[in-house]
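# Geometric and topological summary
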Amino acid sequence: FYLAGKLESRKATLKTLRAWVKKYGNNHKYHLHCSITNPFLKPTQMNAMIGQALEGVKYWNVNFLPFVKTNAELNEIHNSVDIHLGTSLSEGFNLPLFNSLALGKHAVALNAHVHKDYCNDENSVLLSPNGKISCIDNMFFHANSPFNQGEFYNFDDDEMIDACELAIKRVEKNRVNEAGKKLAEWTYKETVDKILDEIN
């Protein structure tokens, strides 16, 4: 499994991590690789937040990866996993999820926001949102701020694990997500054309 995105409430990184270890923590059959650094936080802050989320328990099958600087390094990570956890609560695009799918990886994807533009039942196990929560986290999103206001989608932890179980079955059937690989045909020109169509 692979979890990517800044360590923050909007990305649901700690929520996803907690749910995953509750089911798969220290299970020799599964590993979780996490690319969840946040450049706006100090390493000590991130370590404290992760430690609190895991209630001080060390899981030998959870691997926290350092920030990588190149696409080649990132693709190497993507190519070393089978299932991408696309559980972010709010996204403008979610490039790590898109790239993982295009590389033929399986995914659990929250069926909300931009994910609906490229995730479907064929290329992803869709996780239905179960309502919305306030964006206020008193770290990046503050009450009464002139910006960064509103709500994020949310999901049920047990339903996320059910989606993980379905994704595992897909991997066991075929390690390559052929439907996901079709996203590699998406071009910058098509993206620009879609944006221009919306503007016109």
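All figures in this text were calculated on a predicted structure; none of them were measured in a lab. (Residues numbered from 1 in each chain as written. Predicted model: local features only at pLDDT ≥ 70, side-chain atom pairs only at ≥ 80, totals over all residues. Heavy atoms only, no water.)

## Description of the overall build of the chain
Counted only if it meets this: Helix and strand assignments follow DSSP, with helices taken as H or I runs no shorter than four residues and strands as E runs no shorter than two, numbered in order from the N terminus. Buried means the residue's accessible area, taken with a 1.4 Å probe over protein chains only, is under 20% of the maximum for its type, while exposed means over 50%, and partly exposed covers the values in between. The contact criterion used throughout is that any non-hydrogen atoms of two residues lie within 4.5 Å. The accessible surface values rely on the Shrake-Rupley method and a 1.4 Å probe; as for residues, cover is taken only from the protein chains in view. Charged-residue counts in this description rest on Lys and Arg as positive and Asp and Glu as negative, His and the chain ends being excluded. Positions of charges follow a simple convention, taking NZ of Lys, CZ of Arg, CG of Asp or CD of Glu.
Looking only at helices and strands, the chain features eight helices and eight strands. Across its three principal axes, the chain shows a C-alpha extent of roughly 50 × 50 × 35 Å. Relative to its 200 residues, the chain shows a buried fraction of 42%. Restricting to contacts in the chain with at least 6 residues of sequence separation, those with at least 24 account for 67%. Summed over its atoms, the accessible surface of the chain is roughly 11,400 Å², and 52% of this surface lies on carbon and sulfur atoms. Where the 22 positive side-chain charges of the chain centre and where its 24 negative ones centre are 4 Å apart.

## Regarding the pattern of salt bridges
Operational definition: Salt bridge criterion: a side-chain nitrogen from Lys or Arg within 4 Å of a carboxyl oxygen from Asp or Glu.
Within the structure shown, the criterion is met by five salt bridges. Among the salt bridges present, the one from Arg175 reaches Asp82, with a minimum N-O distance of 2.5 Å. One end of the pair, Arg175, is in the loop between α6 (157–173) and α7 (178–181); the other, Asp82, is in the loop between α3 (71–78) and β4 (83–86), and 93 residues separate them in sequence. Close ionic contact of Asp193 with Lys189 constitutes a salt bridge, the shortest N to O distance being 2.9 Å. Here the residue Asp193 and the residue Lys189 both occupy positions in helix α8 (residues 188–199), the gap between them amounting to four residues, near one helical turn. Look at Lys189 and you get exposed, because its relative accessible area is 58%.

## Here's the deal with the packing of helix α1 (residues 13–24) against α6
A pair of packed helices is captured by two measures, namely the crossing angle of their axes and the spacing between those axes. Which entries qualify depends on this criterion: A fitted line through C-alpha atoms serves as each axis, taken over the contacting stretch for helices, and the angle formed by two N-to-C directions is quoted from 0 to 180°. The sense of a crossing depends on the near helix, which, turned anticlockwise from the far helix by less than a right angle, makes the crossing left-handed and, turned clockwise, makes it right-handed. Each residue gets one of three labels, nonpolar for Ala, Val, Leu, Ile, Met, Phe, Trp, Tyr, Cys and Pro, charged for Asp, Glu, Lys and Arg, and polar for the others, Gly among them.
Where α1 meets α6, the closest approach of the two axes is 10 Å, and the angle between their N-to-C directions is 65°. Classified by chirality, the crossing of α6 by α1 is right-handed. Residues Lys15, Thr16, Ala19, Trp20, Lys23 and Tyr24 of α1 form the contact with α6, whose own contacting residues are Asp157, Met160, Ile161, Cys164, Glu165 and Ile168. Residues belonging to the contact of α1 with α6 are distributed by class as follows: seven nonpolar, one polar and four charged.

## Description of the environment of Val176
Relative to the helices and strands, Val176 is located in the loop between α6 and α7. Between the C-alpha atoms of Val176 and Asn138, which are 38 residues apart in sequence, the distance is 41 Å. Apart from residues no more than four positions distant in its own chain, Val176 is found in contact with Gly104, His106 and Lys181.

## Let's talk about the packing of aromatic side chains
For clarity, the threshold we go by: Pairing of aromatic rings covers Phe, Tyr and the six-membered ring of Trp, with a centre-to-centre limit of 6.5 Å; geometry is then stacked below 30 degrees between planes, edge-to-face above 60, and tilted otherwise. Comment: the charge-over-ring label is applied if NZ (Lys) or CZ (Arg) is within 6 Å of the ring centre and within 35 degrees of the ring normal.
Overall, the coordinates contain twelve aromatic pairs when judged by the stated rule. A ring pair is formed by Phe1 and Tyr30, whose centres lie 6.2 Å apart and whose planes are at 65°; its orientation type is edge-to-face. Taken together, the residues span a long stretch of sequence, with Phe1 in the segment before β1 (2–4) and Tyr30 in the loop between α1 and β2 (32–35) at a distance of 29 residues. Through a chain of ring-to-ring contacts, the aromatic side chains of Phe1, Trp20, Tyr24 and Tyr30 assemble into a single cluster. Between Lys15 and the ring centre of Phe155, over which it is positioned, the NZ or CZ distance is 4.6 Å. Here the guanidinium or amino end of Lys132 rests over the ring plane of Tyr153, the centre of that ring lying 4.8 Å away.

## Quick word on the side chain of Ser100
Relative to the helices and strands, Ser100 resides in helix α4 (residues 95–102). Judged by its relative accessible area of 1%, Ser100 falls in the buried class. The contacts of Ser100, once residues within four sequence positions are left out, are Tyr2, His78, His84 and Lys105.

## Quick word on the pairing of β4
For the record, the criterion: When DSSP finds two or more bridges between two strands, those strands count as paired. For crossovers, right-handed means that the path from the first strand over the helix to the second runs clockwise, given strands pointing away from the viewer.
Residues Ile83 and Leu85 point to one face of β4 and His84 and Gly86 to the other, with burial holding for every one of them. Sheet topology places β4 next to strand β5 (residues 106–110); four bridges connect them, and they run parallel. Its bridge partner lying in β5, Ile83 is registered against His106. What joins β4 to β5 is α4, and the crossover it makes is right-handed.

## So, the packing of α1 against helix α2 (residues 43–53)
Spelled out, the test is: Working definition: roughly parallel below 35 degrees, roughly antiparallel above 145 degrees, roughly perpendicular at 65 to 115 degrees, and oblique for all remaining angles.
The contact between α1 and α2 brings their axes to 9 Å, and the two run at 40°. Between α1 and α2, the interaxial angle falls into the category oblique. Handedness of the α1/α2 crossing: right-handed. Contacts from Leu14, Leu17 and Arg18 of α1 reach α2 at Met49, Ile50 and Ala53.

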